[in-house]
Amino acid sequence: MPVKREEDSCSTQLIDGNGEFNAKGLDNFTSTVKLTRCGLSYAVVAIMGPQSSGKSTLLNHLFYTNFREMDAFRGRSQTTKGIWIAKAIGIEPLTIVMDLEGTDGRERGEDDTTFEKQSALFALAVADVVLINMWCHDIGREQAANKPLLKTVFQVMMRLFSPRKTTLLFVIRDKTKTPLEYLEPILREDIQKIWDGVRKPQAHKDTPLSEFFNVEVTALPSYEEKEEQFKNQVAQLRQQFFHSISPGGLAGDRRGVVPASGFSYSAQQIWKVIKENKDLDLPAHKVMVATVRCEEIANEKFGSLMINEDWRALEHEVHEDAVRNFGRRLSSILDDFLSEYDAESVFFEENVRSLKRQQFLSKALQLVHPAFISQLGHLRDKSLEAFKTQLEQSLRRGEAFAASVRKCADSTIIEFDKGCSDAAVRHANWDASKVRDKLHRDIEAHASSVRNDKLSNLKATYEKQITAALAEPIESLFEVGGSDTWASIRKLLKRETDVAISCFSPALSGFELDQDTFDRMMQNLKDYARSVVEKKAREEAGKVLMRMKDRFNTVFSHDSDSMPRLWTGKEDIKSITKESRSESLKLLSVVAAIRLDEKPDRIESILFSRLLEGTFSIRDRDRGDSGDPLASSSWEEVSRENTLLTPVQCKSLWRQFMAETEYTVTQAISAQEAYRQSNNLLPPAWAIMAMIILGFNEFMLLLRNPLYLLVLFVVYLLGKALWVQMNIPGEFRNGILVGLISISSRFLPTVADLLRRLAAEAQGNPAPEASRTTHHVASQSFRSQVNSPNPVSSSVSSSSNISTENDFEYMSPQLTHRRVTQMEQEESS
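Residues numbered from 1 in each chain as written. Predicted model: local features only at pLDDT ≥ 70, side-chain atom pairs only at ≥ 80, totals over all residues. Heavy atoms only, no water.

Some remarks on the side chain of Thr661
Piece 1. Tracing the chain through its elements places Thr661 in helix α19 (residues 647–679).
Piece 2. Taking relative accessible area as the criterion, Thr661 reaches 2% and is therefore assigned buried. (Helix = DSSP H or I, 4+ residues; strand = E, 2+ residues; numbered from the N terminus. Buried < 20%, exposed > 50% of the residue type's maximum accessible area, 1.4 Å probe, protein only.)

Looking at the pairing of strand β2 (residues 42–48)
Piece 1. The buried count for β2 comes to seven of seven residues, which makes it a mostly enclosed element.
Piece 2. Going residue by residue along β2, you find Tyr42, Val44, Ala46 and Met48 tucked away on one face and Ala43, Val45 and Ile47 tucked away on the opposite face as well.
Piece 3. Of the pairings in the sheet, the one linking β2 to strand β5 (residues 129–135) comprises four bridges and is parallel in character. By the bridge assignment, Met48 is partnered in β5 with Ile132. (Pairing = 2+ DSSP bridges.)

Some thoughts on the packing of helix α22 (residues 706–726) against helix α24 (residues 736–763)
Packed helices, taken two at a time, are described by their axes: the angle between them and the distance between them.
Piece 1. Where α22 contacts α24, the axes come no closer than 10 Å and their chain directions differ by 120°. In this view, α22 runs oblique relative to α24, as classed from their interaxial angle. α24 is crossed by α22, and the crossing has right-handed handedness. In this structure, α22 contributes Leu718, Ala721, Leu722, Gln725 and Met726 to the contact, and α24 contributes Ile743, Arg746, Phe747, Thr750, Val751, Asp753, Leu754 and Arg757.
Piece 2. Grouping the amino acids of the contact of α22 with α24 by side-chain chemistry returns eight nonpolar, two polar and three charged. (Axes fitted to C-alpha atoms, helices over the stretch in contact; angles between N-to-C directions. Parallel < 35°, antiparallel > 145°, perpendicular 65-115°, else oblique. Left-handed = near helix turned anticlockwise from the far one by under 90°. Contact = heavy atoms within 4.5 Å. Nonpolar A, V, L, I, M, F, W, Y, C, P; charged D, E, K, R; others polar.)

A short note on the pattern of salt bridges
Piece 1. Here the structure, examined in full by the defined rule, presents 38 salt bridges.
Piece 2. Here Asp601 ties to Arg595 by a salt bridge, and the two come within 2.8 Å at their closest N and O atoms.
Piece 3. Judged by its relative accessible area of 24%, Asp601 falls in the partly exposed class.
Piece 4. Here Arg756 and Asp753 are joined by a salt bridge, their closest N and O atoms 3.1 Å apart. Here Asp753 and Arg756 lie together in helix α24, a separation of three residues that amounts to about one turn.
Piece 5. If you follow the salt bridges from partner to partner, you end up with Glu475, Glu479, Lys536, Glu539, Glu540, Lys543 and Arg547 in one network. (Salt bridge = Lys/Arg side-chain N within 4 Å of Asp/Glu carboxyl O.)

Some words on the sheet that holds β2
Piece 1. An order of β1-β3-β4-β2-β5-β6-β7 is seen for the seven strands of this open sheet, with the pairing classed as mixed. Each of the sheet's edge strands pairs with one partner strand only, and the pair in question is β1 (12–15) and β7 (213–219). Taken over all neighbouring pairs, the strand axes of this sheet differ in orientation by 25° on average, direction set aside.
Piece 2. Here six bridges tie β2 to strand β4 (residues 94–100), and the two strands are oriented parallel to one another. Bridging from a neighbouring strand, Ala46 pairs with Met98 of β4.

Some thoughts on the packing of helix α2 (residues 55–63) against helix α6 (residues 227–239)
Piece 1. With their axes 9 Å apart at the nearest point, α2 and α6 run at an angle of 65° to one another. With respect to the hand of their crossing, α2 and α6 are arranged in right-handed fashion. Listed contacts from α6 to Leu58, His61, Leu62 and Phe63 of α2 are Phe230, Lys231, Val234, Leu237 and Arg238.
Piece 2. For the contact of α2 with α6, the class distribution of residues is six nonpolar, one polar and two charged.

Focus: the environment of Arg173
Piece 1. Position of Arg173 among the secondary structure elements: in strand β6 (residues 166–173).
Piece 2. Taking the C-alpha atoms as reference, Arg173 lies 5.6 Å from Cys136; in sequence the two are 37 residues apart.
Piece 3. With residues up to four places along the chain from it excluded, the contact list for Arg173 reads Ser53, Gly54, Lys55, Leu58, Asn133, Met134, Trp135, Cys136, Leu220 and Phe230.
Piece 4. Within the structure, Arg173 has its side chain in polar contact with the backbone oxygen of Gly54 (distance 3.0 Å). (Polar contact = N/O pair within 3.5 Å; in protein donor to acceptor, adjacent residues only side chain to side chain.)

Put into structure tokens, the structure is as follows:
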């Protein structure tokens, strides 16, 4: 037994006697010996040979393992069942030792060779070095025990579709005195004969043995008879397993080696294929193992990436706002995980490793792509806000709109492109053109919105200017309503439109509009100016009846000097009425249609001929004439769009106008008649003759006694003074009863006041109160003439005042003189 070592070889049964694979035990073994860290720096050594040939003893002394050995005192029997593995102690690189169940055992019987073939095929597929343990005295014998073993090895090797090159180390046990140099040629010759006698597939019919195996031969003395010598030579053989994977070493051919991290899975799959009695394609198996392991590594790294703190922190930051150096930080995280994947998968098949690496990278990029999109979204939002701010500041400085948009847009796109470069991930060729195009569209949309607002404000400003320049002057022109009204309106419209266009055109130049848009805006401004005129015309048409009545009253109640008329009986009311109606009809003809196109029309002549010159009168209002041009709903020369008042409407308005102004004419006629009657002081001739005849006696009495004449004259003067002083007509305006009561209450005080003033006049000291009273009466009479609002009442009052003035001629000269002087002063004031 070898000397005990501090390190345990971890002996584990890999496959039991029934062919069941111990996957869990193998995983524990690889974890304990830290096999997964070795990469390709490990070797597998297997031993096969006849039962009870000392295989386990050799392995225990050669690799310091602790496989179970046969007890010689109990006789030869099966010691190792199935396949066991252990770690070689003290050998670099890490070496796994496999102890196979012996062949040609009586326990399984002569015909039960299935497990022998399966275990031999497993050893050849897994191990780098296979030790063939054989007795020295069997060399050269035709039916020796080594022949079935070698035949089995070579037969199962043919089942490997594309086997790797394995080292066969023949260990000759219990060497005799015959030198090894004589035994080795005989052994090699026997091996070649066995190889040549094995039936091979067509593909390997002429393949030499050296393509499949490196054959090495060594010999050891008997362990039982020469133990010390056996141990010494085993120690020398042990040295050959140090650095066995180096070029020229026992396991130097590494073409088919499986990376250490895939050893457990590979061994399990190889045994599964062998158990199913299938041909074992080692390259395909190698690809399968690489696929499984690389996928496991990639999944492990992807899971680690998902919970990585750096990635989670970056994802949270980019969710809130744009992250500085986003691309560099994300690329660094991906580089770390790719490096870990490469380190763990470096020894697997390169094509498979690269494919799984690309798949892992694709999944990782798919995981982080939303963060990249969020970063671009934040960059787009910030760029758009920056554009809005820059454009607003540029416009505040008074720069042209189109130039400002270009400058701000170019600088914004440059900054966005820099942000995209900063966000780019080295491992992906992600295209930011869609986000960039979206930013372009957003910029154009905002610029278009601002442009529309600016143009709308500019348009509103000039429309307001046009409205202010046209509205009041046009209203004034319509109030005048002369024959040249529309000519003046057209002239005003053209002048103000030209002024607005001359200012509006330079203001639009900064927007760099296309010619069609520019022309359309110019035309819209002109159309707006025209619409202002049309709107005011329609407003005037709506209140034309009121305008006509005002015009009629103004012309009818005032003379050519704009002074109020006094209906004294000398005025020609008929001609004045006709003139007033003519002026009102002119106003109607002006607002009947819009005449901005300077097209001639017959509206005025039709209205005058039909309404003013007698062909139509207000008494015919209920009669219709089929040939009447005013019985139509349109004017011949005027379009419907330019018609404000149809002929029928004009006719209806004229009827209403005539009806509402007829009372004014009637009042004027009544005032004129009242004036005539108030100034006709003489009675009729027959009355005068009757008075002469009947009053002859009284007349003669007065002639004989002149004192009666003086008394009558004084009574007349006193009565006239009382009439004026008490304002008798004014007292009766509120009713006869009220007037009588007022006169009776004031009669005596008034008489006493008159007598007092007459006495003062006789003494040469005029009473100031009397003077003021006289002045008050005179001025009140004058104001009643000037300020009377009603023509009839004005006429009546005027007649009364005139009579009063005439009557005052019979008062004292001094009183009369003062009254006239005061009246002149009142008029001048």
